[in-house]
Amino acid sequence: MEPFYFKSYDKVIGIAHNVEELEKEMERLTKDDPAALEYHLKEGHIVAWLNYIGEKGLAEILKGVYKPEEALARIKEYKFLKNSTRMLPKTTSRKEKKLHVR
């Protein structure tokens, strides 16, 4: 899959291959070039790329977000929730429960 290229005019100012790298580049660009980051958010470039790499949930969360700080906060929350659900114990299915009932 193609990475996301943060550009300022014709110059590449950052590259992300996944959500982790996207977050790191956005954190850096919030300080170094917030206007370029805001441009990519407003134009929907980041949302389109997230859909392309299969991160449809995060893409949906970032739709209509134009402020870099808000986008970063939403990415962090998304990652936290995604990791939290992985840590939850699996529930026992009805079939498994029937096997345990005597």
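The shown structure was predicted, so the numbers you read here are calculated from the model rather than taken from an experiment.

The rules behind these values
Each chain has its residues counted from 1, running along the sequence as written. Only residues with pLDDT of at least 70 are given local features in this predicted model, and only at 80 or more are side-chain atom pairs given and counted; all residues enter the totals for whole chains, interfaces and linings. Side-chain measures were taken over the full set of non-hydrogen atoms in the model, leaving aside hydrogen atoms and water. Under the pairing criterion, centres of Phe, Tyr and Trp rings, with the six-membered ring standing for Trp, must be within 6.5 Å; the plane angle then separates stacked pairs below 30 degrees from edge-to-face pairs above 60, leaving the rest tilted. Buried residues are those whose accessible area, probed at 1.4 Å on protein chains only, stays under 20% of the maximum for their type, while exposed residues exceed 50% and partly exposed ones sit between those limits. A patch is a set of surface residues, each over 30% in relative accessible area and not in a salt bridge, joined within 9 Å for like charges and within 5 Å for the nonpolar side chains Val, Leu, Ile, Met, Phe, Trp and Tyr. Here the Shrake-Rupley method, with its probe set to 1.4 Å, supplies the accessible areas, and only the displayed protein chains count as covering residues. A pair is scored as a salt bridge if a Lys or Arg side-chain nitrogen falls within 4 Å of a carboxyl oxygen belonging to Asp or Glu. Numbering of helices and strands runs from the N terminus; a helix is a DSSP stretch of H or I covering at least four residues, while a strand is a stretch of E covering at least two. At least two DSSP bridges between two strands are required for those strands to pair.

Caption draft 1: Spotlight on the packing of aromatic side chains. With the rule as written, the count across this model stands at 2 aromatic pairs. Centroid distance Phe4 to Phe6: 4.7 Å. Interplanar angle 75°. Geometry classified as edge-to-face. For the pair formed by Phe4 and Phe6, the shared burial category is buried.

Caption draft 2: Examining a nonpolar patch on the surface more closely. Residues Tyr5, Val12 and Ile15 make up a contiguous nonpolar surface patch of about 240 Å² in total accessible area. Among the structural elements, Ile15 can be located in strand β2 (residues 11-16). According to the relative accessible area criterion, Ile15 is partly exposed, its value standing at 36%.

Caption draft 3: Geometry of the pairing of strand β1 (residues 4-8). Where β1 meets β2, 5 bridges bridge the pair, whose relative direction is antiparallel. Within the sheet, the bridge partner assigned to Tyr5 lies in β2 and is Ile15. The turn joining β1 and β2, which pair antiparallel and follow one another in sequence, is formed by 2 residues; a positive phi near 60° is taken by Tyr9.

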